[in-house]
2 protein chains.
Amino acid sequence: MPDQSPSQIDAAVAAASAAHDAYAASDGATRAALLRALADALQAARDTLVPLADAETSLGAARLNGEIDRTAFQLRGFADRAAEGTAFAVIDDPAVAGAPPAGRPRLARVRVPLGPVAMFAASNFPFAFSVLGGDTAAALAAGCPVVVKAHPGHPKLSRAVAEIALGVVAAQDLPAGVFGLVEGAGVEVGVQLVQHPDITAVAFTGSFRGGTALQAVANARPRPIPFFGELGSINPVLVLPAAATARGGELAAQLAASITMGCGQFCTSPGIVMLFDCAASDAFVDALQAALAPLQPHAMLTPSMRSNFDAGTQRLAATPGVTALLAPETVAGAAPRPFLAQTDAATFIAAHTLQEEVFGPAALVVRVRSVDEGVAALRAIGGSLTATLWGADDDSADTRRLVRAAMQCAGRVLFAGVPTGVAVTAAQQHGGPWPSSTRPESTSVGWAAMDRFLRPVALQDAPPWLVGQRGRPC
Amino acid sequence: MPDQSPSQIDAAVAAASAAHDAYAASDGATRAALLRALADALQAARDTLVPLADAETSLGAARLNGEIDRTAFQLRGFADRAAEGTAFAVIDDPAVAGAPPAGRPRLARVRVPLGPVAMFAASNFPFAFSVLGGDTAAALAAGCPVVVKAHPGHPKLSRAVAEIALGVVAAQDLPAGVFGLVEGAGVEVGVQLVQHPDITAVAFTGSFRGGTALQAVANARPRPIPFFGELGSINPVLVLPAAATARGGELAAQLAASITMGCGQFCTSPGIVMLFDCAASDAFVDALQAALAPLQPHAMLTPSMRSNFDAGTQRLAATPGVTALLAPETVAGAAPRPFLAQTDAATFIAAHTLQEEVFGPAALVVRVRSVDEGVAALRAIGGSLTATLWGADDDSADTRRLVRAAMQCAGRVLFAGVPTGVAVTAAQQHGGPWPSSTRPESTSVGWAAMDRFLRPVALQDAPPWLVGQRGRPC
């Protein structure tokens, strides 16, 4: 499949641009009807879509069926938010008589859709972060047309889902440009899309390298646009002595399952396990190693991810001060086996390469000797989608320090359970400091994801015909 | 006054960084007490500060006293918001039993302060957008220490206000690093500040050139940080035929006063006047010219602004297709006189230089022949802090198109009054699409300005000791 030509990409963006004015003026009920019809159509096509997806991703029917349901849940959830209208809400400050600073005109603050959004689909969630995934649903709910850049890892599935979407858009009597798909395995297609003057924002889920390159393109435009990139994450898990002592065996098994879930191909896969120096921690490492050793994850999504995984684990094992605990022989072409290594906090803090994500079923144990070292190790990580603290049940000054450091480092801090599995809800925050997200004030999962595609406008002394209808002026 | 040395700047950021953990953990009442004490101290020092400011800026005692009151109003307003706590509020989603996607753990979404903020003071508001201006107040309310880069246009005033701030911080028993000041007329000081690894965000009000250069530095850091820049704006005013016919003379006088107010040195100064081709518009242009001709603004802030104003008006007058209506002789060293020119929409849309801000008392009349041309001219502007529509009182398809185009172009759309004068309130939006703002989803005026310095964190299954106190976990 050759890349699409520049004129095909121009045509897709031109259609989105032509649809923008009418779609931005649509009401929440119209957008909700579109999103619900997309959810229905996606689930109705399950029997053709799942085999297509499995052939292209090796993720298996159970996971893929679950992912379709999650994707439909997201579409319906954003439909509810569009219909309900809080995201577009007016803050209406009445006029105050008198001189400034207290005196003021009437100001009504509304939120308007940005315009056509370029959405880069991810490889590892062929439904939930792909053609009709969370970014598309959020942008459509906000009132923005979407041009999806299909992920080359699942081209047939992408085309099939796009066909469904185009049919639904037509059936809803909306302008065809509300949804569009472009394809290309080379970088040129993505670059052209981000550079197009009518694109007003970019949503991206993928690699650090690809994301930072496209963000630079967005920043270098004559008129820069926001780039919402979710670029990967190392997801530290801190096992405090209380937890290691009380339920180390159970937690080690839970952690092993999380590290290998989906062959570690989740942005929330735990990559760092921090343990304080004590006997319970030693036992925890033994239990983790024993739990991981027999596990056989399924195949990785692509051969290049597989070779990157080997390169990453070899880099970890070869770093001075790092001891490999589980480093199974690599069999070319076969699914990978879990990898585990161990180091001390000083080595971890000094070696930048140890702080980088290894995408796949690998984890590095970092032994810390004090709360100060734990805080310093979290600071060295700098930015992560999640951080997990097990054993923080009791309040203490030390625990508070660690919790604050975890909150500085991550967008989601867990006190129970594992970071894999991201609930889609209002309180979710999927986006932490750089490099996990290019815009840590935003989230790419949960209902607040819609906020990315809306911009506030204050209407001063607006005429009655304009302000009055809640949240949707003209 | 030589620039501060790299070690002095390092020391200022190190102090802010040392203060961060404790200040971030402070409660809203503590921050409110600080902000109120700063407002009181600023107003109490009015008799020494106003003469200092007038000597350095030529803005006059009336304006400067008013600006002190506005600055105190802002500090007290942010104090109220810090005490009240909505900005830090928790969204608390209870756990839902069952399998995903509907089943989920308990998630509480809070907002945490980013960390030390570098704040670049503006020249044109020596109080309200300077050392203790809106950006400083918003960051302190959010729980972030602030390192202010003084504007070299008013160094003595900056030092005097910083002395007051340091005294108040000490009197409130807060760590000294909560507030710091650095100085330097060269670019090196600003660049070093933005590059410092402990700085977590930048707030900037100033020129397009300076702002884009510093934003590039923020983006090029090993860990990029948000750059909230307010870079200037051309502020179109559309006078629809209904308004030109009904009250053209009155509106022309109002507009002339707005163009020359503060010698046009406001980011919201009207730079474009759009008029439809009709007899009432011709009369409006005559009235505007007649109202501007006798006005004599006060001196500009600096000699370089004065020479930039001359260069800008000469550039406008020399553009083919542009007719100068008022282009008074320039007297070196004297205050400028108002400048007015006229062109047609096609010329305006084609000439990028006509779409650039001329800082000072200058405006360009753009004659449009149709709603299509009006929409195209607004699209050519692309981004502005404000857009004003006079005569949009009645609902019609044409008016709706123009209002939508104005909302796409600007962060604030006015239907009466003039854009100069920015109310400080919850509904205010001072930030439009590029180039008026680098982050048009944020505002630098009004209570929502605090949001820039907070980042959401979702707490999953948090222990009772941590979540429960509204909005301020540990």
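Quick caveat, the model's predicted, so the values are computed rather than measured.

About the cut-offs
- Residues numbered from 1 in each chain as written.
- Chains lettered and ligands numbered in written order.
- Predicted model: local features only at pLDDT ≥ 70, side-chain atom pairs only at ≥ 80, totals over all residues.
- Heavy atoms only, no water.
- Pairing = 2+ DSSP bridges.
- Helix = DSSP H or I, 4+ residues; strand = E, 2+ residues; numbered from the N terminus.
- Axes fitted to C-alpha atoms, helices over the stretch in contact; angles between N-to-C directions.
- Contact = heavy atoms within 4.5 Å.
- Salt bridge = Lys/Arg side-chain N within 4 Å of Asp/Glu carboxyl O.
- Buried < 20%, exposed > 50% of the residue type's maximum accessible area, 1.4 Å probe, protein only.
- Polar contact = N/O pair within 3.5 Å; in protein donor to acceptor, adjacent residues only side chain to side chain.
- Parallel < 35°, antiparallel > 145°, perpendicular 65-115°, else oblique.
- Nonpolar A, V, L, I, M, F, W, Y, C, P; charged D, E, K, R; others polar.
- Disulfide = S-S within 2.5 Å.
- Least-squares fit on C-alpha atoms with pLDDT ≥ 70 in both.
- Buried area = accessible area lost by both parts, 1.4 Å probe.
- Left-handed = near helix turned anticlockwise from the far one by under 90°.

**Considerations on the sheet that holds strand β15 (residues 454-460) of chain B**
Step number 1: If you walk across this open sheet you meet the ten strands as β10(A)-β11(A)-β12(A)-β9(A)-β8(A)-β13(A)-β14(A)-β15(B)-β2(B)-β1(B), and the pairing is mixed. Where the open sheet ends on each side, the last strands, each with one partner, are β10 (323-326) of chain A together with β1 (91-93) of chain B. Taking each pair of neighbouring strands and ignoring which way they run, the sheet shows an average axis angle of 25°.
Step number 2: Sheet topology places strand β13 (residues 384-390) of chain A next to strand β14 (residues 410-414) of chain A; four bridges connect them, and they run parallel. For Ala387(A), the partnering residue across the bridge sits in β14(A) and is Val413(A).
Step number 3: Across the sheet, helix α14 (residues 397-409) of chain A touches β8 (236-239), β9 (272-276), β13 and β14 of chain A together with β2 (107-113) and β15 of chain B, and the angle it forms with β14(A) is around 140°.

**Structural notes on the pattern of salt bridges**
Step number 1: Across all of its chains, the model carries 38 salt bridges over all chains by this definition.
Step number 2: Across the pair Arg379(A) and Asp198(B) runs a salt bridge whose closest N-O atoms are separated by 3.4 Å. Of the two residues, Arg379(A) is situated in helix α13 (residues 371-381) and Asp198(B) in the loop between α7 (187-195) and β6 (201-205); the pairing between them involves two chains.
Step number 3: For Asp198(B), a relative accessible area of 22% puts it in the partly exposed group.
Step number 4: Taken together, the shared-partner salt bridges connect Arg439(A), Glu441(A), Arg439(B) and Glu441(B) into one network.

**Points about the side chain of Glu230(B)**
Residue and element names in this part refer to chain B.
Step number 1: Position of Glu-230 relative to the elements: it lies in strand β7 (residues 227-230).
Step number 2: For Glu-230, the side chain forms a polar contact with the side chain of His-430, separated by 3.1 Å.
Step number 3: Once residues lying within four places of it in the same chain are set aside, the contact partners of Glu-230 are Phe-204, Thr-205, Gly-206, Cys-267, Leu-385, His-430, Ser-436 and Ser-444.

**Comments concerning unusual backbone geometry**
Step number 1: The linkage connecting Pro100(A) with the following residue, Pro101(A), adopts the cis geometry, with an omega of 5°.
Step number 2: Take Pro101(A): it is sitting in the loop between β1 (91-93) and β2 (107-113).
Step number 3: Geometrically, the link from Trp434(A) to Pro435(A) is a cis peptide bond, its omega value of 5° lying close to zero.
Step number 4: Tracing the chain through its elements places Pro435(A) in the loop between β14 and β15 (454-460).
Step number 5: Unlike most non-glycine residues, Asp173(B) shows phi in positive territory, near 65°.

**Considering the packing of helix α2 (residues 28-44) of chain B against helix α4 (residues 61-84) of chain B**
The description of two helices packed together rests on the angle between their axes and the distance between the axes.
Residues and elements named next belong to chain B.
Step number 1: One can describe the packing of α2 onto α4 by two numbers: an axis separation of 8 Å at closest approach and a directional angle of 170°. By the angle between their axes, α2 is roughly antiparallel relative to α4. For the pair α2 and α4, the contacting residues are Gly-28, Arg-31, Ala-32, Leu-35, Arg-36, Leu-38, Ala-39, Asp-40, Leu-42 and Gln-43 in the first and Ile-68, Asp-69, Thr-71, Ala-72, Leu-75, Arg-76, Phe-78, Ala-79, Asp-80, Ala-82 and Ala-83 in the second.
Step number 2: Across the contact of α2 with α4, the residue classes break down as twelve nonpolar, three polar and six charged.

**Side note on the state of the cysteines**
All names here are of chain A.
Step number 1: Counted according to the given criterion, the structure contains zero disulfides over all chains.
Step number 2: Among the cysteines around Cys-263, which has no disulfide bond, Cys-267 carries the closest sulfur, lying 15 Å off.
Step number 3: Among the residues examined, Cys-263 registers a relative accessible area of 0% and is labelled buried.
Step number 4: Using a relative accessible area of 11% as the deciding quantity, one classes Cys-267 as buried.

**What to know about the relation of the copies chain A and chain B**
Step number 1: Laying chain A over chain B is done by rotating through 180° and shifting 0.0 Å along the axis; what remains is an RMSD of 0.0 Å. The transformation relating the two chain copies, once decomposed into turn and shift, fits a two-fold axis. In terms of C-alpha distance to the rotation axis, chain A has Asn219(A) as its closest residue, with the C-alpha 4.3 Å off the axis.

**Some details on the environment of His430(A)**
Residue and element names in this part refer to chain A.
Step number 1: Topologically, His-430 is positioned in the loop between β14 and β15.
Step number 2: Classification of His-430 as buried rests on a relative accessible area of 3%.
Step number 3: Taking the C-alpha atoms as reference points, His-430 and Ser-444, separated by 14 residues in sequence, lie 5.6 Å from one another.
Step number 4: If sequence neighbours within four positions are ignored, His-430 has contacts with Glu-230, Cys-267, Thr-268, Leu-385, Val-422, Ser-442, Thr-443, Ser-444 and Val-445.

**Side note on the interface of chain A and chain B**
Step number 1: On the side of chain B, 72 residues touch chain A, which itself brings 73 residues to the contact.
Step number 2: Carbon and sulfur atoms make up 56% of the surface buried where chain A meets chain B, a total of about 6,100 Å² over both sides.
Step number 3: Sorting the residues of chain A by area buried against chain B places Met407(A), Arg455(A) and Trp465(A) first, and these three jointly supply 12% of that buried surface.
Step number 4: Inspection of the region where chain A meets chain B yields six salt bridges.
Step number 5: Taking the shortest distance from any N to any O, the salt bridge between Asp21(B) and Arg404(A) comes out at 2.9 Å.
Step number 6: Listing elements by their share of the side of chain A that touches chain B, those giving two or more residues are α1 (6-24), α4 (61-84), β1, β2, α13, α14, β14 and β15 of chain A.
Step number 7: If one sorts the elements of the side of chain A that touches chain B by residue count, α14(A) sits on top with seven residues.
Step number 8: Within the side of chain A that touches chain B, the residues separate by chemical class into 42 nonpolar, twelve polar and 19 charged.

**Structural notes on the pairing of β15(B)**
All names here are of chain B.
Step number 1: Across the seven residues that make up β15, a large majority, seven, are buried.
Step number 2: Across the two faces of β15 the burial is the same, with Leu-454, Pro-456, Ala-458 and Gln-460 and Arg-455, Val-457 and Leu-459 all buried.
Step number 3: By the bridge criterion, seven bridges tie β2 to β15 in an arrangement that is antiparallel. By the bridge assignment, Val-112 is partnered in β15 with Arg-455.

**Thoughts on the packing of helix α7 (residues 187-195) of chain A against helix α8 (residues 208-220) of chain A**
Residues and elements named next belong to chain A.
Step number 1: Between α7 and α8, the least distance of the axes is 9 Å, while the angle of their chain directions is 30°. In terms of their interaxial angle, α7 and α8 are classed as roughly parallel. At the point where α7 passes α8, the crossing takes the right-handed sense. Of α8, the residues touching α7 (which contributes Gly-190, Val-191, Val-194 and Gln-195) are Leu-214, Val-217 and Ala-218.
Step number 2: Residues that form the contact of α7 with α8 fall into these classes: five nonpolar, two polar and no charged.

**Comments concerning the environment of Asn235(B)**
Residues and elements named next belong to chain B.
Step number 1: Note that Asn-235 resides in the loop between β7 and β8 (236-239).
Step number 2: Taking relative accessible area as the criterion, Asn-235 reaches 0% and is therefore assigned buried.
Step number 3: Put simply, Asn-235 and Asn-219 are 16 residues apart on the chain and 28 Å apart in space, counted from C-alpha to C-alpha.
Step number 4: Beyond its immediate stretch of four places on either side in the chain, Asn-235 contacts Cys-267, Thr-268, Ser-269, Pro-270, Gly-271, Ile-272, Ser-384, Leu-385 and Thr-386.
Step number 5: Of note is the side chain of Asn-235, whose polar atom sits 3.0 Å from the side chain of Ser-233.
Step number 6: In this structure the side chain of Asn-235 is engaged in a polar contact, spanning 2.7 Å, whose partner is the side chain of Thr-386.

**Structural notes on the sheet that holds strand β5 (residues 179-182) of chain B**
Residues and elements named next belong to chain B.
Step number 1: The strand order across the open sheet formed by five strands is β5-β4-β3-β6-β7, and the pairing between neighbours is parallel. Whereas interior strands pair on both sides, the edge strands pair on one side only; in this sheet they are β5 and β7. Across the sheet, the mean angle separating the axes of adjacent strands is 15° when strand polarity is ignored.
Step number 2: In this sheet, β7 lies alongside β6 in parallel orientation, the contact comprising four bridges.

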